[in-house]
Amino acid sequence: MNLTGHAVGAARTVFVRAPFQAAAALRGGVRVFHPRGLVATGHIELDSPWWTLKTGTPIDVVARLSGGVGTPSGVPDVLGLALKIPLAPPDTEWDLLLASSGTSAVTRILPLPARAWSSARYSSLMPYSSNGTDTRWVLAVPVGPHPATASLDALRQSLTDAPLRFRLDLVSATGPAVAGGHVALTRVRELPDDEQPTFDPVLHCPPGLALRPAWLAGVRVGAYRGSRHGRGNPPP
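These notes cover the structure that comes with them. (Residues numbered from 1 in each chain as written. Predicted model: local features only at pLDDT ≥ 70, side-chain atom pairs only at ≥ 80, totals over all residues. Heavy atoms only, no water.)

Quick word on the overall build of the protein chain
Helix and strand content of the protein chain: 3 helices and 10 strands. What you see in the protein chain, going N to C, is helices and strands ordered as α-β-β-β-β-β-β-β-α-β-β-β-α. Taking the intrachain contacts of the protein chain between residues at least 6 apart in sequence as the baseline, contacts between residues at least 24 apart amount to 62%. On the protein chain, roughly 11,300 Å² of surface is accessible, and the fraction owed to carbon and sulfur atoms is 60%. (Helix = DSSP H or I, 4+ residues; strand = E, 2+ residues; numbered from the N terminus. Contact = heavy atoms within 4.5 Å. Areas by Shrake-Rupley, 256 points an atom, 1.4 Å probe, with all protein chains shown as cover.)

Take a look at the structure:
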């Protein structure tokens, strides 16, 4: 990117950051989106050569499951599944953010409300390119028992009773979904909302994978920075 491109990118980031910073401050220092969440630990296992990480081996993860707006219990909400996946070298990570969405080529790019954790179908909303090519969306589908409401309390109880499992799929713009791996969450980690981990899927991405298109990824950087600044959190 030339100097002009850097200037445009910086201006775009600042322009987007400001309203999100103000919104987080007005909400009393809580996240603009997905303000209330439940933290859990478990593992992810990747099964496709599309990934640029090791496959066939369980990797420990920290997850945050949340409602996008924080609607009252029983009311549909945009549900979120955020995964923090450790990378090498130590102290680096991949933040994979998925939100309830549709399953078609059109609706998988849209965050859509879900009535229950059991019926939610999650999407990365933006696709990833693998090694500069082969662009695919990451999808997650609940497997086995999940709560029949969008309540965080019901989710906590369900996870206390048994692991929460998800199937990961990879899908291109035109082709069918292919198996990508699975996630199992096994234990609740009780943390107040202001101590729960934060996520940035643009800045925290593994080598070889990148969110596309790049200009929209830049917009998301500004949004996440604004929300963190509004909450008084330092940059990641």
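A closer look at the pairing of strand β4 (residues 92-100)
The buried count for β4 comes to 7 of 9 residues, which makes it a mostly enclosed element. Both strand β3 (residues 79-87) and β4 contribute to a ladder of 8 bridges, which runs antiparallel. Note that in β4 the partner of K84 across the bridge is D95. Hairpin geometry of β3 and β4 is characterised by an intervening segment of 4 residues between the two adjacent antiparallel strands and by a positive phi of about 70° at D91. Pairing geometry for β4 and strand β5 (residues 122-123), over 2 bridges, is antiparallel. Residue pairing across strands places S100 opposite Y122, the latter belonging to β5. (Buried < 20%, exposed > 50% of the residue type's maximum accessible area, 1.4 Å probe, protein only. Pairing = 2+ DSSP bridges.)

Details of helix α2 (residues 152-161)
Helical geometry: 3.6 residues make up each α-helical turn, so side chains three or four residues apart lie on a common side. L155, S158 and L159 are the residues of α2 that are buried. With its buried residues spanning 95° around the axis, α2 presents them on a single face. Away from the buried face of α2 by more than 90 degrees, exposed residues D153, T160 and D161 are located. On its buried face, α2 sits against β1 (36-46), β2 (59-67), β8 (164-171) and β9 (178-189). (Arc of directions from axis to C-beta.)

A look at the nonpolar core
Counting 40 residues, the largest nonpolar core has I44, L81, W94, Y122, F166 and L185 as the members making the most contacts within it. In terms of residues, this core owes the most to one element, β3, which gives 5 residues. (Core = buried A, V, L, I, M, F, W, Y, C linked by side-chain atoms within 4.5 Å.)

Points about the packing of aromatic side chains
In this structure the tally under the stated criterion is 4 aromatic pairs. When the centroid spacing of 6.0 Å and the interplanar angle of 85° are considered together, the rings of W94 and Y128 count as edge-to-face. Within this pair, whereas W94 is found in strand β4, its partner Y128 is found in strand β6 (residues 128-130), the two being separated by 34 residues in sequence. We classify W94 as buried; its relative accessible area is 0%. Judged by its relative accessible area of 1%, Y128 falls in the buried class. Members of the aromatic cluster, each reached through a chain of ring pairs, are W50, W51, W94 and Y128. Here the basic side chain of K84 rests over the ring of F199, its NZ or CZ set 4.6 Å away from the ring centre. Positioned above the aromatic ring of W137 is the side chain of R108, whose terminal nitrogen or guanidinium carbon lies 5.3 Å from the ring centre. (Phe/Tyr/Trp six-rings, centres within 6.5 Å; stacked < 30°, edge-to-face > 60°. Lys NZ or Arg CZ within 6 Å of the ring centre and 35° of its normal.)

Comments concerning the pattern of salt bridges
Enumeration according to the criterion identifies 7 salt bridges in this entry. With a closest N to O distance of 2.9 Å, D95 and K84 form a salt bridge. With D95 in strand β4 and K84 in strand β3, this pair connects stretches of sequence that are 11 residues apart. Each member of the pair D95 and K84 is classed as buried. Across the salt bridge formed by D134 and R136, the nearest N and O atoms sit 3.0 Å from each other. Under the relative-accessibility criterion, D134 is labelled partly exposed at 37%. (Salt bridge = Lys/Arg side-chain N within 4 Å of Asp/Glu carboxyl O.)

Looking at the pairing of strand β7 (residues 133-143)
Bridge count for β5 against β7 is 2 bridges, and the pairing is antiparallel. Across the sheet, S123 pairs through a bridge with L139, a residue of β7. Here 3 bridges tie β6 to β7, and the two strands are oriented antiparallel to one another. Each bridged residue has a counterpart across the sheet, and for Y128 the counterpart in β7 is R136.

A few points about the side chain of D200
Following the sequence through the fold, D200 ends up in the loop between β9 and β10 (209-211). Accessibility expressed as a relative area gives 0% for D200, which makes it buried. Within the local environment of D200, its side chain forms a polar contact with the backbone nitrogen of V202, the two atoms lying 3.0 Å apart. (Polar contact = N/O pair within 3.5 Å; in protein donor to acceptor, adjacent residues only side chain to side chain.)

In short, the description is geometric, and any link to function would need to be established separately.
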